[in-house]
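As a plain string of letters, each chain reads:
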Amino acid sequence: MVISNSPALRPAIAKLGDSERLTAVAKAALEFDQNAAFLDELTKLIQFTLEVPVVLVSLVTDERQVFKSARGLSEPVNTERETPLSHSFCQHVVTSGGPLIVSDAPNTELVCDNLAIRDLGVQAYLGTPILSPEGHVLGSLCAIDSLTRGWLDRELRILEGFSRSITAELVARSNFSRDMERVVSRLARITDHAPVMLAEFDKDYRYIFVNQAYAEMVKATPDEILGKEVAAVIGDTAFSEVESRMRAALAGETIEYDLQVGDAGEQHKYLRVKYVPETDECGETQSVIVAITDYTTEAMVQEKLEQSRQRLVTAHDLSPDGFMIFQAIRDDNGEIADFRFDYTNDAGAKIAGQPAEELIGLGLLEKLPGNRDEGLFDGYVSVVETGEIFRRTVYYAHDGLDLWIRITAMKLEDGFAVSFSDVTKRKQSEIALAENADRLQRILDNVVAFVGILDADGVLKEANQTALDAAGIAREDVVGLPFWETYWWSHDPKTQADLRDAIDRAKSGELTRYDVEIRVADEQAIWIDFQLIPLVNEDGSISEMVPSGVDISGRKESEIHRELLVGELNHRVRNSLATIQAMARQTIRSASGMDEFDKTFSARLNAISAAHDIVMHENQGRASLQTMIERQIGPYASELSSQLKLSGRDVALSGPSAHAIGLVLHELATNAAKYGALSLSDGCIKISWQEAGNGFVDMTWEEKNGPPVSPPLRVGFGSRLIKQSLEYALGGTADLEYAPDGLIVRLQFPKDVSDE
């Protein structure tokens, strides 16, 4: 509702039952009855000017509204000329003291329950107050439409002008003359206040009435125009252009057309012209009323809107995303039954799989019924009814389409605008990534080693199930914590400090590896071979870190046992040396010569050696493969940490396997020192091994950064020794590849071979 008061006369806003106001209403009713002809001419003019079906002059009491003049009312209200307040919009004009503008009555809170909507078909209402000379609001001068209508500001100004004219007449005179000439005179003054150009010409094309606005349009005064022929006033050229329309109006036809006028260099005006024939009692046309409305402002706004729309259409046509506009199609109950295609850009038609010309004007469910199956139609209905934005990414496999689409829809008048894009490739990538991540997670959860993922700050992002099960904890217990504060590491401050130091080094790109004791379930501790690997981006930054650990508790126990054996061995060696010294003294004393001493002493020494072998093999007669590699190759590598790279879980070999592999490693090491990778300071040997099943071990010896390699012209003793040691002694295999970058040797041998 809009309230606007006349600067000349302010309304006295009061309750409907205010006694002073009711007295003024009763007085005005008598005055209006005496001037019914005037009011009827007024409402007729307003009906013609605003092109509305109903115009009323109403007086509002505390119980009802009374129509002192009415145009277009249906029966029986037209005869009764009054309604109770339950059917009154005009009462709100009285109580507010200003105009009431209603474009869509059923959806306007102030009047949505008013019975005039149901019983009288009121859908749109424009009313302005009628004031008494004392400033009381008597009622309303109103225009009513049976269809929803967006009232223009120009129409409000027209109605306010007529209202002020009525008020001016009430102030100036307490009684109106019944003389029609005075009625016409007053009506002329009223029309002079209206922002509409009005004129009337007779059958001879002579002016019999013009208002001030019309006279100003033709740059004359009303007195200069009255009685003259139209051609003499507007010019022969202009008259020749409109004569056929005037002739049709004199023949009884209502004519309406738009006209654009303006001299060169001037801004054009947009005029809407209407000719309405006036007939006598016999139905004969006696004159024609001319009403001209200047709608230049509205036209310019419309032109700008059209230009904006064209720019918007062009922008959407250039967009790879689809864009469509829909208007609601409602059933008899006002419910949305479908949406009509009003616009689509080229991308939208392409994504929909149908040409734009086959979509525009048709229903959404008619062309793309799958929208209902996917719940999209209900989402669009909600947008229109609630005004809330609707967003969804959906797989659409209907209507000949098979794609993922991302949708954003928002309300637009009684419909909606929707932007959508084909995200099939991205969605397929997301699904594939999710499947890969799930597959990798299952793999990690089933490996024996403890594996996790840290972010660049050392916070745990993921841990495999093996690590979680070993500690008896759940993923949510540790994920999101700094790694050093997790259950495995938080039992000992020094262990935590060492881990933080390893993480700091990993942040700079350094791989760290060391043996450490961690906590597992039931507050138990195990030793692991721990490794922390940084993942480096292309720009050199660290994105994540991968911690891993292998349980080496068995190896640690063996080392402890070995230390005990070494201590025992040292003790026995000292005893043996003492025994040998004593044996030597005794032997030399009793020997008749050196030959006899040599024979006797050697026999005794061999016996002692055999005894020491038994002691060394006391740990179930097995040897560590990794230790043997390091001891066989170590003497030949100047920088053991950089020239020798080992990868594999330690394997315990039986005595015969250990002796044969030791001999092979010794031969490979001496060859590398003489001719291969160990002959250069930058050379490197990578040895990796793993248990292959069925009791066999696969080992690869790979030399890098050594002198160029080429196959030998003949098989040397060293190669024969390697093959014989593996194939004949152990039943394994040896494959030597003389790659240009370095020798590659692939060995397969059993870890357990009996002495027999």
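Everything that follows concerns the structure shown earlier in this document.
Within every chain, residues take consecutive numbers counted from 1 along the sequence as written. In keeping with the model being predicted, local features are shown solely for residues with a pLDDT of at least 70 and side-chain atom pairs are shown and tallied solely at 80 or more, while totals for entire chains, interfaces and linings include all residues. The basis for the side-chain values is all heavy atoms of the structure; hydrogens and waters are excluded.

**Looking at the sheet that holds strand S11 (residues 285–294)**
Filter applied, for reference: Pairs of strands are assigned from DSSP output, requiring at least two bridges between the strands. Labels follow the DSSP assignment, with helices taken as runs of H or I lasting at least four residues and strands as runs of E lasting at least two, numbered in each case from the N terminus. Angular values range over 0 to 180 degrees, each being the angle between N-to-C directions of two axes fitted as lines to C-alpha atoms, with helices fitted over their stretch in contact. Contact between two residues is taken to exist if any of their heavy atoms lie within 4.5 Å; hydrogens are not considered.
One open sheet accounts for five strands, arranged S8-S7-S11-S10-S9; its pairing is antiparallel. This sheet does not close on itself; its edge strands, each paired only once, are strand S8 (207–210) and strand S9 (255–261). Sheet twist, expressed as the average angle between the axes of neighbouring strands with direction ignored, equals 20°. When strand S10 (residues 269–279) meets S11, the two strands line up antiparallel, connected through nine bridges. If you follow Tyr275 over to S11, its bridge partner there is Val290. With respect to the sheet, helix H2 (residues 36–50) is in contact with strand S7 (197–202), S10 and S11, its orientation differing from that of S10 by roughly 135°.

**Topic: a nonpolar patch on the surface**
Just so we agree on the cut-off: Patch membership is restricted to residues that have no salt bridge and whose relative accessible area is over 30%. Joining uses 9 Å for like charges and 5 Å for the nonpolar side chains Val, Leu, Ile, Met, Phe, Trp and Tyr. In short, Shrake-Rupley with a 1.4 Å probe defines the accessible areas, and a residue's cover is counted only from the protein chains shown. We define a salt bridge as a contact between a side-chain nitrogen of Lys or Arg and a carboxyl oxygen of Asp or Glu at a distance within 4 Å. Here's how the labels work: a residue is buried when its accessible area is under 20% of the maximum for its type, exposed when over 50%, partly exposed in between, all with a 1.4 Å probe on protein chains only.
Residues Leu511, Ile533 and Leu535 make up a contiguous nonpolar surface patch of roughly 220 Å² in combined accessible area. By the element assignment, Leu511 lies in the loop between helix H19 (493–507) and strand S19 (512–519). The exposure class of Leu511 is partly exposed, given its relative accessible area of 45%.

**Some remarks on the pattern of salt bridges**
Opposite charge on two side chains makes pairing possible when the charged atoms of those side chains draw close. Following the criterion strictly, the structure yields 29 salt bridges and no others. For Glu155, the salt bridge goes to Arg149, with nearest N and O atoms at 2.6 Å. The exposure class of Glu155 is buried, given its relative accessible area of 7%. With a relative accessible area of 16%, Arg149 lands in the buried category.

**Points about the packing of aromatic side chains**
Cut-off, in case you're wondering: Any two of the Phe, Tyr and Trp rings considered here, Trp counted by its six-membered ring, make a pair once their centres fall within 6.5 Å; the pair's planes then place it as stacked at under 30 degrees, edge-to-face at over 60, or tilted in between. Criterion for a charge above a ring: Lys NZ or Arg CZ within 6 Å of the ring centre, and within 35 degrees of the ring normal.
With the rule as written, the count across this model stands at 19 aromatic pairs. Here Phe201 and Tyr205 contribute two aromatic rings whose centre-to-centre distance is 6.0 Å and whose plane-to-plane angle is 20°, an arrangement assigned as stacked. The two residues Phe201 and Tyr205 agree in class, both being buried. An aromatic cluster of at least three residues, connected via ring pairs, comprises Phe326, Phe339, Phe341, Phe377, Tyr380, Phe390 and Phe416. The cationic tip of Arg272 hangs over the ring face of Tyr295; the distance from NZ or CZ to the ring centre is 4.1 Å. A cation over a ring is seen here: Arg372 above Phe377, with NZ or CZ 4.8 Å from the ring centre.

**Thoughts on the side chain of Thr296**
For the record, the criterion: Counted as a polar contact is a pair of N or O atoms within 3.5 Å, where, for protein atoms, one must be capable of donating a hydrogen and the other of accepting one, and residues adjacent in sequence contribute only when both atoms are in side chains.
Within the secondary structure, Thr296 sits in helix H12 (residues 296–318). For Thr296, a relative accessible area of 10% corresponds to the buried category. Side-chain polar atoms of Thr296 contact the backbone nitrogen of Tyr270, separated by 2.9 Å. Reaching out from Thr296, the side chain makes a polar contact with the side chain of Asp294 at a distance of 2.6 Å.

**A word on the sheet that holds S19**
If you trace the five strands from one edge of the open sheet to the other, you get S18-S17-S21-S20-S19, paired in antiparallel fashion. Among the strands making up the open sheet, the edge pair consists of strand S18 (460–463) and S19. Here the strands of the sheet are splayed against their neighbours by 25° on average, with no regard to which way each runs. H19 rests against strand S17 (450–455), S19, strand S20 (525–536) and strand S21 (542–551) of the sheet, and its axis sits at about 150° to S19.

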